[in-house]
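Structure at a glance
Okay, here's what each chain looks like letter by letter:
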Amino acid sequence: MSACASGAPSSTYPGFQPRPGQGQYVRPAYLNAQPTPIIPAVDACRSQLYQGLLGQHEGAIYIAGLPGRKRVIKPATLEGFDYSPEDSFYDQPPFVEVRDYLPQQSLYAPSINTVTERINLGPEIGDRLTIELDAEGYVQTLDCR
């Protein structure tokens, strides 16, 4: 047995020379790590799922049943102005009615119902679904803010 295991290479059997890449483990592409898909920051409230509500009347939508934070914005008017819409200088006051709903709220009642100026709507919240209605109560826009 000692004759077979000599340290000198044999001239009859040259040493094994692998081709480049031969004998190396190659990991299949489907086993490579994949990044976890996340909701894009521009649509954190998943407003794209609810685009079918555009043009629907608010009475036909169970708003409290929509998941997560949400609010409804509707044009509003305040009493007490001394001019009428027939006046040439009349401008619709920029007031809106804001209804905020809490996440997983079971009642069909807003947690907050306020009339405010449109410029003072409060802070932007990226994961809050905002449903904007027209004066008759039909959905005009849905977005995250």
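Residues numbered from 1 in each chain as written. Predicted model: local features only at pLDDT ≥ 70, side-chain atom pairs only at ≥ 80, totals over all residues. Heavy atoms only, no water.

A word on the overall build of the protein chain
The test is simple: In DSSP terms, a helix is any run of H or I states spanning at least four residues, a strand is any run of E spanning at least two, and both are numbered starting from the N terminus. Classification of residues uses two cut-offs on accessible area relative to the type maximum, computed with a 1.4 Å probe and protein chains only: under 20% is buried, over 50% is exposed, and between them is partly exposed. Only heavy atoms matter for contacts: two residues are in contact if any of them lie within 4.5 Å across the pair.
In terms of helices and strands, the protein chain carries zero helices and five strands. Residue burial in the protein chain is summarised as follows: out of 145 residues, 26% are buried. Taking all contacts inside the protein chain whose residues are at least 6 apart in sequence as the whole, residues at least 24 apart take part in 54%.

A word on the pairing of strand β1 (residues 70–76)
For clarity, the cut-off: Strands qualify as paired when DSSP identifies two bridges or more between them.
Where burial is concerned, most of β1 is hidden: six out of the seven residues are buried. Bridge count between β1 and strand β2 (residues 95–101): seven bridges; the pairing is antiparallel. Following the sheet pairing, Arg71 is matched in β2 by Asp100.

Side note on a nonpolar patch on the surface
Applied cut-off: A residue counts toward a patch only above 30% relative accessible area and without a salt bridge, and it is joined to like-charged neighbours within 9 Å or, for Val, Leu, Ile, Met, Phe, Trp and Tyr, to nonpolar neighbours within 5 Å. Residue-level accessible areas treat just the shown protein chains as cover; the underlying method is Shrake-Rupley with a 1.4 Å probe. A pair is scored as a salt bridge if a Lys or Arg side-chain nitrogen falls within 4 Å of a carboxyl oxygen belonging to Asp or Glu.
A cluster of nonpolar side chains, namely Tyr25, Tyr30 and Leu31, defines an oily patch on the protein surface of about 430 Å² accessible area. Structurally, Leu31 is set in the segment before β1. Exposure remark for Leu31: the relative accessible area of 38% places this residue in the partly exposed category.

Observations concerning the pattern of salt bridges
The full count for this structure, using the stated rule, is six salt bridges. Lys74 is paired through a salt bridge with Glu58; the nearest N and O atoms lie 3.3 Å apart. In this pair, Lys74 is assigned in strand β1 and Glu58 in the segment before β1, connecting sequence segments 16 residues apart. Since its relative accessible area comes to 18%, Lys74 is described here as buried. Where Glu132 meets Arg145, a salt bridge forms, and the shortest distance between an N and an O atom there is 2.4 Å. In this pair, Glu132 sits in strand β4 (residues 129–133) while Arg145 sits in the segment after β5 (139–144), placing the two residues 13 residues apart along the sequence. Taken as a pair, Glu132 and Arg145 share a single burial class, namely buried.

Focus: unusual backbone geometry
Among all residues except glycine, the phi angle is most often negative; among peptide bonds, the trans geometry is most common. Positive phi, close to 60 degrees, is recorded for Arg46, a residue that is not glycine. Mapped onto the fold, Arg46 is located in the segment before β1.

Some remarks on the confidence of the model for the protein chain
This is how the line gets drawn: What pLDDT conveys is the predictor's confidence in a given residue, as a value from 0 to 100.
Scored by pLDDT, the protein chain comes out at a mean of 78, with 73% of its residues at no less than 70. Here strand β3 (residues 112–117) is the element of the protein chain with the lowest mean pLDDT, 75, and β4 is the one with the highest, 93.

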